[in-house]
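A look at the structure
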2 protein chains.
Amino acid sequence: MILLKNLINKPPSSSLSFKSISESFVIKNINKYYTTSTNLNLKNNILFNNSDNKMSIDNKEKIRAGLEDLMKRRFFITQSFSIYGGQAGLYDYGPPGCAVKANLINLWRQHFVLNEDMSEVDCVSVTPEQVLKASGHVAKFADFMVKDEVTKAFYRADHILEAHIQTLLKDTSKMSKEQIEELNFVLAKAGDYNQEQLKQALNKYNVKAPETGNALTEPYPFNLMFQTQIGPSGLSTGYLRPETAQGIFTNFGKLYEYNGKKLPFAAAQIGNAFRNEIAPRAGLLRVREFTMAEIEHFVNPNNKTHPKFQEIQHIQANLLSSDSQDKSSEIEVCTFGDAVQKKLIDNETLAYFMARTQQFLHTVGIKPQGLRFRQHQKNEMAHYAQDCWDAEILSSYGWVECVGHADRSCYDLKVHATESKSNLSAYEEFKEPQFVDIAKVVVMPAAISKKHRAAVSPIKKYLTELKDDLTKALEIQETITKDGHYNLVLDGNTYDITADMVTISKAQEKKNGHTFFPHVIEPSFGLGRIIYSILEQNFYTRENDEQRGVLSLPAIIAPVKASILPLTSSDRIAPFVQTISKSLKEVNISTKVDDTGNAIGRKYARTDEIGIPFGVTIDFQTIEDNTVTLRERDTTKQVRIPISELSSTLRKLCDLTVSWSDILKTFPIYENQSE
Amino acid sequence: MILLKNLINKPPSSSLSFKSISESFVIKNINKYYTTSTNLNLKNNILFNNSDNKMSIDNKEKIRAGLEDLMKRRFFITQSFSIYGGQAGLYDYGPPGCAVKANLINLWRQHFVLNEDMSEVDCVSVTPEQVLKASGHVAKFADFMVKDEVTKAFYRADHILEAHIQTLLKDTSKMSKEQIEELNFVLAKAGDYNQEQLKQALNKYNVKAPETGNALTEPYPFNLMFQTQIGPSGLSTGYLRPETAQGIFTNFGKLYEYNGKKLPFAAAQIGNAFRNEIAPRAGLLRVREFTMAEIEHFVNPNNKTHPKFQEIQHIQANLLSSDSQDKSSEIEVCTFGDAVQKKLIDNETLAYFMARTQQFLHTVGIKPQGLRFRQHQKNEMAHYAQDCWDAEILSSYGWVECVGHADRSCYDLKVHATESKSNLSAYEEFKEPQFVDIAKVVVMPAAISKKHRAAVSPIKKYLTELKDDLTKALEIQETITKDGHYNLVLDGNTYDITADMVTISKAQEKKNGHTFFPHVIEPSFGLGRIIYSILEQNFYTRENDEQRGVLSLPAIIAPVKASILPLTSSDRIAPFVQTISKSLKEVNISTKVDDTGNAIGRKYARTDEIGIPFGVTIDFQTIEDNTVTLRERDTTKQVRIPISELSSTLRKLCDLTVSWSDILKTFPIYENQSE
């Protein structure tokens, strides 16, 4: 089931260049994260609890219920305005969720903007109608609704169709095998149906309003953009942007200039987008306001190679090609190098970004078995798109599109250039001047004027501009030669063009360069979906205690790196807590102190729940020894460690320069009170 | 002139606690920044170019024109959708502007969220009407408009009044001194006028529509919130949030729980807010979509001390008190400790945040002379607010409010509790049980029933609840004793209450704690205004070349830390450029390579314009020596430095562990080709 509406409008450009970025978010030893995070131990995770480590979603109800309870209790994420009864499709991030999101954004900036030298921009959400008319969103960014003919209650047409089919499938005793197959096919495809297909299916299965049994209206489109008015005139309609990309396309000229008028270069943007869903469902996966991180990589259409392709070509990926979806739906495990070689993935640049996305997702805690790339099928893709691959992540909702990778050709720049009458093209100087075939057009205005006095100017213009369209020009010349005349249609009028008015021949012209619309390759990340997927794939319960949920978040993403847990609340211990907390902050280790009177087992459980990887325990005994105990979340093993070595050790653990098993060998293991 | 509309609705709460935060944005040696950045050399800055280092804005036209040209050329900030003619009040950040903004946000997070252990949240912008009705925004968040009676062209009422007065003041030859003073007074106050005051002033000065001379309508309010519809029903009105604060207030219950039900604690939020200005002007200072960073610090109203007050009490600030504004308008230079002592600032917590704001602003490049705190005057403040101080920054637009600091009492929590019927109160356990005076109320239902059969239940409820309102209870008892009866008005009906129905006496009750609405102290940052002010205060031109603008940004905020400038573009040099760039990224120094064929002087000028503090130059000679030259932006001095020491040296320079003058003493000075 594809949960994300395919973005409807965008085209391509081509490679990378130097740009400004902020420095303070750089994470050390990022390459270690790439290599080690893919080897995370999965044995206790509910999603992956089979002995052969294959993904299983048999437990999906249990996973989802457990995680949702945890998210609510620990204020990871909550429905917005819940004191007013809540608002469907709107969610707020509480402190742990907000910290995970900030960490994710910092890492994304480092991984893409800094390391790929991208130009990051920050554009507004409120967008005038003209811009979104050009992009196609005003006309086409819609889902289909039906209404109860009597009560006027409304439904999403595909949802009501799906619900109806599911009801039919509850009792298949009187159905043939073919009938059952047909129903399952409709169920799988309903989300992609167009207006006519929905109408036919609703009629065929005689779908009625579920609450009343009344007849339904025909499906009609509902635009998913939030509409508003800009300024007080009442005449300036605007929308909240449904994606961040348009801000990049409309600034293409300035970005091209900023990058020294060289291709390829990439622009990036992190920001909110808004979609006024008809009936939001699936929790965090389909919401009305969400944060995206989008890259628009502009390339010369004649050269989609990537200079750093050799760095990623050996990386293996789970690929579900368009062909395979037509047949067996088997995932092919294949390197990105091979995939480009055999033209499974269209070009190096598209594959390069898919590989970088995979590295990013593995680093933040998505399991290799829980990530695949699914190629869009021909009928899914926009007509201008050259190739599209969605990074899909497995969760209890199935495989969910979380990152799109699309080669959008030059669609977006072209539509904005036309609508705004601005120059959004690039110019490439040839290495050496080239001789190119052109049409030599000699126009005779006097002869035209004799027959078409009122239209000399547009006819002359049309014929002159044939220079750069050799094929058309020769076709006209041939017609004139053969038939003695050519019927030229301009603005609805037909003009008779004869041999005395124009002579066309093939010629060559020396050119130093050429002007073209860059293509654009677009990786587009839905951060909320990624966050939810990370939480699900890293949520497990202790073998000996099903009530104790643990979030096995990589340290790089964990909302807090270390908890500080005094065993007893005492005035003698309090100053140590402050000193240790301060010393950890000085080496950039964020901390959370729990100085409540709760038992230590309960304190650990509470830090495990929000994914804090390390716990520091202090008691009278450790103060005496100038030590603390240090506990790792997933093994629950503890060591005694001198206070003087604590901050440097935690720094190394978070930087992955030492592993927890190294620590277990270095410091005395502490057999603690039962948790 | 106050350019920012006062936030209309918010109350106070009180102190700090531990919370989750992200770790990767921590900046080293932040205390060094606090101490050194206030001593920045101002001598070349146009705003501060007097010999006594006092702020001067005589050059304001020149500063603004120069900076605006720079911002446009180097794509710091641009009007949004400029290819479509642009949209008033909407601006996009290009790569250097976006990087400065990201650095500012990272630093803000470290300075406030991490160091003060705040709970950061991330709430949605789309807000249902009910929430903003409760907060008061639907009724009151408005500016006043007038329309041309004939053409229906619209104007902001205060703007049209100001323009008219300015025209009158152009020729004062026939005016008395009193008349001139009156006009200047109206000009200064027009922005704060209410509907009635505007109406009177427009009438008095006979203001007409400027283009046509037609009569104007009376001023009427225009709500500044962008309105939209949530979902397809057409019945669910929503608005884009005009501030981020409401997301914190509506989540107060969950935040209180997350903080272990202890006060004080602070929540923070960084996000966009939207205001549908009638006529945006003053460039980036009054826009329709902008990023805010807000803190809501919840306190017990009985205790607004701050545990870290002693850390900031010695810090001096420029204070413009409410009293002083009534009299001389002289700024008082005074420590925060003294200001609280003499009750100039209401309480320690408010003063603590003002001091932390000042540290933040100095760190990011605001000059001490260009920052003051202005106290709200009585008529400016909301009725519930206890004290308000705006951090105002001097720019070519005058003193502009950039950060508000308000003690908002319990206004916001109270209105949301009432409207949502939710519990948004806090509970404090007394250290020892306390005996408090209560009313002992003995109700006799039978007697009430005899006379008011239909209303026994509400009467009984009212009388019973008098328990906690001793004053009212005793007043009723006294009336009954004196007059023999009391007229109780309930829901519009009057009931005769006599001595046989109720007996009230004073008693004492032992209580373990009490329930109350926390007060809230709110620092609220407008990041776009701060960014614009930083750029203006750090923009100067070279003495010997007025065309060469320089942005003297502190390294912590600079969009890129080091430029890498090969003197000639050559295949022999290119690999060194890559190696050096990579080695700098590894120590978190962001770089921008300029390998164009431009002369080195032009390359320096281009890096100076976007505020890059350090430049690394490579040529055949330096490759030979295994050195590079390192240049500092403001002194333009250069040294020769071994490549092996470059990255550690730049790291130290950015961390302020060495100064540029140290470097000049350590490495051989390089007398370069003229810039």
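Criteria and cut-off values
Residues numbered from 1 in each chain as written. Chains lettered and ligands numbered in written order. Predicted model: local features only at pLDDT ≥ 70, side-chain atom pairs only at ≥ 80, totals over all residues. Heavy atoms only, no water. Contact = heavy atoms within 4.5 Å. Buried area = accessible area lost by both parts, 1.4 Å probe. Salt bridge = Lys/Arg side-chain N within 4 Å of Asp/Glu carboxyl O. Polar contact = N/O pair within 3.5 Å; in protein donor to acceptor, adjacent residues only side chain to side chain. Helix = DSSP H or I, 4+ residues; strand = E, 2+ residues; numbered from the N terminus. Pairing = 2+ DSSP bridges. Axes fitted to C-alpha atoms, helices over the stretch in contact; angles between N-to-C directions. Domains from an automatic or database assignment. Nonpolar A, V, L, I, M, F, W, Y, C, P; charged D, E, K, R; others polar. Least-squares fit on C-alpha atoms with pLDDT ≥ 70 in both. Parallel < 35°, antiparallel > 145°, perpendicular 65-115°, else oblique. Left-handed = near helix turned anticlockwise from the far one by under 90°. Buried < 20%, exposed > 50% of the residue type's maximum accessible area, 1.4 Å probe, protein only. UniProt positions renumbered as here; feature names shortened; annotations may be inferred. Disulfide = S-S within 2.5 Å.

Turning next to the interface of chain A and chain B. Contacts between chain A and chain B engage 93 residues on the former and 92 residues on the latter. Both faces combined, the contact of chain A with chain B buries some 8,200 Å², and carbon together with sulfur accounts for 58% of it. Taken together, chain A and chain B are joined by 6 salt bridges. Here D595 of chain B ties to K262 of chain A by a salt bridge, and the two come within 3.4 Å at their closest N and O atoms. Put simply, chain A and chain B have 32 residue pairs in polar contact (both at pLDDT 80 or more) between them. Ranked by residue count, the leading element in the side of chain A that touches chain B is helix α3 (residues 95-114) of chain A, at 10 residues.

Residues and elements named next belong to chain B. With respect to topology, 5 strands assemble into an open sheet ordered β25-β24-β26-β27-β28, the strand pairing being mixed. On the outer flanks of this sheet lie β25 (591-593) and β28 (638-642), each paired with one strand and no other. Each neighbouring strand pair of the sheet contributes to a mean axis angle of 25°, computed without reference to strand direction. Two strands pair when backbone bridges link them, and strand β27 (residues 627-632) and β28 are joined in this way by 5 bridges, in the antiparallel orientation. Looking at the pairing, L630 lines up with V639 of β28. Sitting on the sheet, helix α21 (residues 600-609) touches β24 (562-566), β26 (614-618), β27 and β28, and the angle it makes with β24 is about 165°. Of the strands in this sheet, β24, β26, β27 and β28 touch helix α23 (residues 643-655), which is tilted by about 125° from β28.

Residues and elements named next belong to chain A. Structurally, chain A comprises domain 1 (30-125 + 247-411), domain 2 (142-223), domain 3 (426-513) and domain 4 (560-666). For domain 1 versus domain 4, the separation of C-alpha centres amounts to 34 Å. Counting residues at the interface gives 9 residues for domain 1 and 7 residues for domain 4. On inspection of domain 1 and its partner domain 4, the count reaches 2 salt bridges. Between E609 and R74 there is a salt bridge, with the nearest N and O atoms lying 3.2 Å from each other. For the pair domain 1 and domain 4, the number of links is 3 residue pairs in polar contact (both at pLDDT 80 or more). Listing elements by their share of the side of domain 1 that touches domain 4, those giving two or more residues are α1 (30-36), α2 (60-73) and α3. Of the residues that constitute the side of domain 1 that touches domain 4, the class distribution is 4 nonpolar, 2 polar and 3 charged.

Another aspect to go through is the relation of the copies chain A and chain B. Between the two copies, chain A and chain B, the superposition gives an RMSD of 0.4 Å; the rotation angle is 180° and the shift along the axis is 0.1 Å. In short, the pair behaves as if placed about a two-fold rotation axis. The share of interface residues of chain A whose copies in chain B are also at the interface is 99%, consistent with both copies meeting through the same surface.

Attention shifts here to the packing of helix α3 (residues 95-114) of chain B against helix α19 (residues 527-537) of chain B. Residue and element names in this part refer to chain B. It is the contact of α3 with α19, at a shortest axis distance of 11 Å, that shows an interaxial angle of 115°. Overall, the two elements α3 and α19 adopt an arrangement that is roughly perpendicular. Judged by the twist between their axes, the crossing of α3 over α19 is right-handed. Contacts between α3 and α19 involve V100, K101, L104 and I105 on the former and, on the latter, L527, I530, I531 and I534. Residue classes in the contact of α3 with α19 are distributed as 7 nonpolar, no polar and 1 charged.

The next subject is the side chain of Q375 of chain B. For Q375 of chain B, the position within the fold is in strand β14 (residues 371-375). A distance of 2.9 Å separates a polar atom in the side chain of Q375 of chain B from a polar atom in the side chain of D387 of chain B.

The subject of this paragraph is the pattern of salt bridges. All names here are of chain A. Scanning the model with the defined rule gives 68 salt bridges over all chains in all. The salt bridge partner of E277 is R286, with a shortest N-O separation of 3.2 Å. The exposure classification of E277 matches that of R286, with both residues buried. Taking the shortest distance from any N to any O, the salt bridge between D608 and R548 comes out at 3.4 Å. One end of the pair, D608, is in helix α21 (residues 600-609); the other, R548, is in strand β23 (residues 545-551), and 60 residues separate them in sequence. One continuous salt-bridge network, built from bridges that share partners, spans D143, R156, D158, E277 and R286.

In this structure, S176 of chain B sits in the loop between α6 (157-168) and α7 (177-189). The class of S176 of chain B is partly exposed, set by a relative accessible area of 29%.

This next bit is on the UniProt feature "domain: Aminoacyl-transfer RNA synthetases class-II family profile" (unreviewed entry) in chain A. UniProt records the feature "domain: Aminoacyl-transfer RNA synthetases class-II family profile" (unreviewed entry) at residues 239-566 of chain A, using the numbering of this structure. As annotated, residues 239-566 of chain A has a helix share of 29% and a strand share of 38%, and its two end C-alpha atoms lie 52 Å apart.

A few words on the state of the cysteines. Using the criterion set out here, one finds 0 disulfides over all chains in the structure. C388 of chain B takes part in no disulfide bond, and the closest cysteine sulfur to it belongs to C410 of chain B, at a distance of 15 Å.

Next up on the list: the sheet that holds strand β8 (residues 227-229) of chain A. Residue and element names in this part refer to chain A. One open sheet accounts for 3 strands, arranged β4-β9-β8; its pairing is antiparallel. Among the strands making up the open sheet, the edge pair consists of β4 (126-128) and β8. Taking the axes of each pair of neighbouring strands and ignoring which way they run, one obtains an average angle of 45° across the sheet. Where β8 and strand β9 (residues 237-240) come together, 3 bridges link them in antiparallel fashion. Along β9, the bridge assignment pairs T228 with G238.

Moving residue by residue along a regular strand, the side chains alternate between the two faces of the sheet. All names here are of chain A. For strand β24 (residues 562-566), the buried fraction is high: 5 of the 5 residues fall into the buried class. With burial as the criterion, each face of β24 is covered, one bearing A562, I564 and P566 and the other bearing S563 and L565. In the sheet, β24 pairs with strand β25 (residues 591-593) via 3 bridges, with the strands oriented parallel. Residue pairing across strands places S563 opposite K592, the latter belonging to β25.

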